[in-house]
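Structural overview
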Amino acid sequence: MRVHIGSDHAGFALKERMRAHLVSTGHDVTDVGADSEASVDYPVFAKAVAVAVSRGEADAGVLVCGTGIGMAIAANKVSGVRAVQASDPEFARLARRHNDANVVTLAGRFIDAEAAAAIVDAFLGESFEGGRHAGRVEQISALERP
Ligand code: RB5
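Structure report, in brief. As the structure is a computational prediction, the values presented were derived from the model and not from experiment.

**Quick notes on the site of the ligand**
Around the ligand sit D8, H9, A10, Y42, C65, G66, T67, G70 and R109, and that is every residue in its neighbourhood. Residue G70 places a main-chain N or O atom 2.8 Å away from an oxygen atom belonging to the ligand. When the ligand is considered free in solution it has 290 Å² of accessible area, and contact with the protein chains removes 72% of it. Broken down by class, the residue content of the shell around the ligand amounts to three nonpolar, four polar and two charged.

Shown next as structure tokens:
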């Protein structure tokens with residue numbers, strides 16, 4: 001899959017690990033930064049990944065900050081993006097199956113690389129179920145229209 005990945009300073013170390021993991025598992029990865037642990041503002045990187053997903057330039061996004069929360073809030077402001085903070089693989093799977101989530105956000109200060117890899121693999125490996133969930137996701141999309 002084409003995966004865009006980004007982080008702020010608090011998510012930098014885990015983002016680096018996740019980029020390597022994604023490359024090693026065969027994904028086409030674009031890293032939008034950050035490039036170090038120097039303090040930066042997470043909405044900048046959330047926007048870069050979310051816009052790529054919204055435009056169809058990426059199949060999915062992975063964002064890492066301290067909690068994953070700020071990244072999710074920011075990414076969800078971009079039309080067409082359904083970002084979910086996941087700290088458990090089952091939540092990541094359900095976010096794909098029921099909510100057609102297209103961005104997963106991770107808590108760099110709270111989970112280790114092994115747990116994060118399991119979450120990312122669960123997220124990217126699952127598909128949207130459609131069916132009764134399709135109309136609900138369409139109602140979410142309708143909220144974006146004036
Ligand atoms: C940075 O200190 C921290 O606020 C950020 O990484 C993130 O956790 C925000 O939601």
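**Let's talk about the sheet that holds strand β2 (residues 28-31)**
Paired through backbone hydrogen bonds, the strands of a sheet run either parallel or antiparallel to each other. With respect to topology, five strands assemble into an open sheet ordered β2-β1-β3-β5-β4, the strand pairing being parallel. On the outer flanks of this sheet lie β2 and β4 (83-85), each paired with one strand and no other. The sheet shows a mean angle of 20° between the axes of neighbouring strands, direction not considered. Pairing geometry for strand β1 (residues 2-7) and strand β3 (residues 60-65), over five bridges, is parallel. Paired with H4 across the strands is G61, a residue of β3. The strands touched by helix α2 (residues 42-54) within the sheet are β1, β3 and β5 (103-107), with β3 carrying the most contacts at an inclination of about 170°. Running at roughly 170° to β5, helix α5 (residues 113-125) makes contact with β1, β3, β4 and β5 of the sheet.

**Considerations on the pairing of β3**
The buried fraction of β3 amounts to six of the six residues, a majority that puts the element mostly inside the structure. Covered by surrounding structure in β3 are A60, V62 and V64 together with G61, L63 and C65, the residues of both alternating faces. Note: β3 against β5, five bridges, orientation parallel. When the bridges of β5 are listed, V64 appears paired with L106.

Definitions and cut-offs
Residue numbers run consecutively from 1 along every chain, following the written order of its sequence. Per-residue local features are limited, in this predicted model, to residues with pLDDT of at least 70; the limit for side-chain atom pairs, both in listing and counting, is 80 or more; totals at the level of whole chains, interfaces and linings are taken over all residues. Each side-chain value is worked out from all heavy atoms of the structure, with water and hydrogens disregarded. Distances are taken per atom, and a residue is near a molecule or strand as soon as one of its heavy atoms is within 4 Å of it. Contacts described as polar in this section are N or O atom pairs within 3.5 Å, which, within protein, must combine one atom able to donate a hydrogen with one able to accept it, while residues neighboring in sequence count only if both atoms come from side chains. For the accessible areas, the method is Shrake-Rupley and the probe is 1.4 Å, while residue cover comes only from the protein chains on display. Just so you know the grouping, Ala, Val, Leu, Ile, Met, Phe, Trp, Tyr, Cys and Pro go in nonpolar, Asp, Glu, Lys and Arg go in charged, and all remaining residues, Gly too, go in polar. By definition, two strands form a pair when at least two bridges between them are found by DSSP. For the purposes of this entry, the term helix denotes a DSSP run of H or I that reaches at least four residues, the term strand denotes a run of E that reaches at least two, and both are numbered from the N terminus. Every axis in this analysis is a line fitted to C-alpha atoms, fitted for helices over the stretch in contact. Angles between the N-to-C directions lie between 0 and 180 degrees. When checking whether two residues touch, look at their non-hydrogen atoms; a contact exists if any pair is within 4.5 Å. Each residue is placed in one exposure class: buried if its accessible area under a 1.4 Å probe, protein chains only, is under 20% of its type's maximum, exposed if it is over 50%, and partly exposed if it falls in between.

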